[in-house]
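Remarks on the overall topology
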Amino acid sequence: AVGTVKTTSNAATMASGNTRKVINNFRSVPNFYFKVKFLPPSKNGAAKAKGAKPAPTGSSKSLATSAMNTAKMALEESFSEVSGLIMTLETESITGGGMQDKQYKVPKGISFDNLVLKRPLMIPESELAKWCETTIKGGMVGIKPKDIMITLMHPITGLTSATWHVHMAYPVKYEVLQLNSENNALAYEQMEFAYQSFEHKPDMASFAANNTATMTL
């Protein structure tokens, strides 16, 4: 009888440990630490980030220029808010069998909301803002899509928690948000992009490492 009780106790302990492990693996991630990267559109519809470039060599002037370009790109891709990662299965209501009091909802297709990126207004005008203006004013002729990669990172480890790949995006709206002389706030610009689709890619290995780091605090 003692052995049976011990076995049951061990099983309960293991079950409790497994439950805690599952809970830890599905902890929520803060939403404030993320980065946005613009990429050339890939042929197969999946955005792929390029590998690290070799360290620049040459004169001090070329090194300084490279450093300035890197800093400019970091500013170009710095956004304070991201929204619009929404997919919806559209449905259509139909009646059947002569029963007018009942409706059936059948799927029609998937729709995607526009992606909205917001950041402090950049002066002088940025290349990204110029791309928005050129595309919007150019109509169909001026459309040159890009892929956009949005990465959510853990604020402690800096490791990736999840990535969203937005395919074949192009700007459809550019807005300088309201200017107000009565408050001491930053001026903001907002860009809105139509896109073909997006896919969510969680990084489970990094997510587990992030949870371990959080638990040790």
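The text that follows walks through the structure, step by step, so that each part is easy to find.

Reading guide: rules and limits
Residues numbered from 1 in each chain as written. Predicted model: local features only at pLDDT ≥ 70, side-chain atom pairs only at ≥ 80, totals over all residues. Heavy atoms only, no water. Helix = DSSP H or I, 4+ residues; strand = E, 2+ residues; numbered from the N terminus. Contact = heavy atoms within 4.5 Å. Phe/Tyr/Trp six-rings, centres within 6.5 Å; stacked < 30°, edge-to-face > 60°. Buried < 20%, exposed > 50% of the residue type's maximum accessible area, 1.4 Å probe, protein only.

**A short note on the environment of Leu 128**
Relative to the helices and strands, Leu 128 is located in helix α3 (residues 127–138). Excluding anything up to four places from it in sequence, Leu 128 contacts Phe 38, Glu 76, Phe 79, Arg 119 and Met 191.

**Things to note about the packing of aromatic side chains**
Tallied over the full model, the rule gives seven aromatic pairs. Judged by centre distance (6.5 Å) and plane angle (50°), the rings of Phe 38 and Phe 79 are tilted. Residue Phe 38 is found in strand β1 (residues 34–39), and its partner Phe 79 is found in the loop between α2 (60–76) and β2 (81–83); the two are separated by 41 residues along the sequence. For the pair formed by Phe 38 and Phe 79, the shared burial category is buried. Here the aromatic rings of Phe 38 and Trp 131 are separated by 6.1 Å at their centres, their planes lie at 85°, and the arrangement is edge-to-face. With a gap of 93 residues between them, Phe 38 in strand β1 and Trp 131 in helix α3 connect regions that are remote in the sequence. Each member of the pair Phe 38 and Trp 131 is classed as buried. By the ring-pair criterion, three or more aromatic residues cluster together here, those being Phe 38, Phe 79, Trp 131 and Phe 193.

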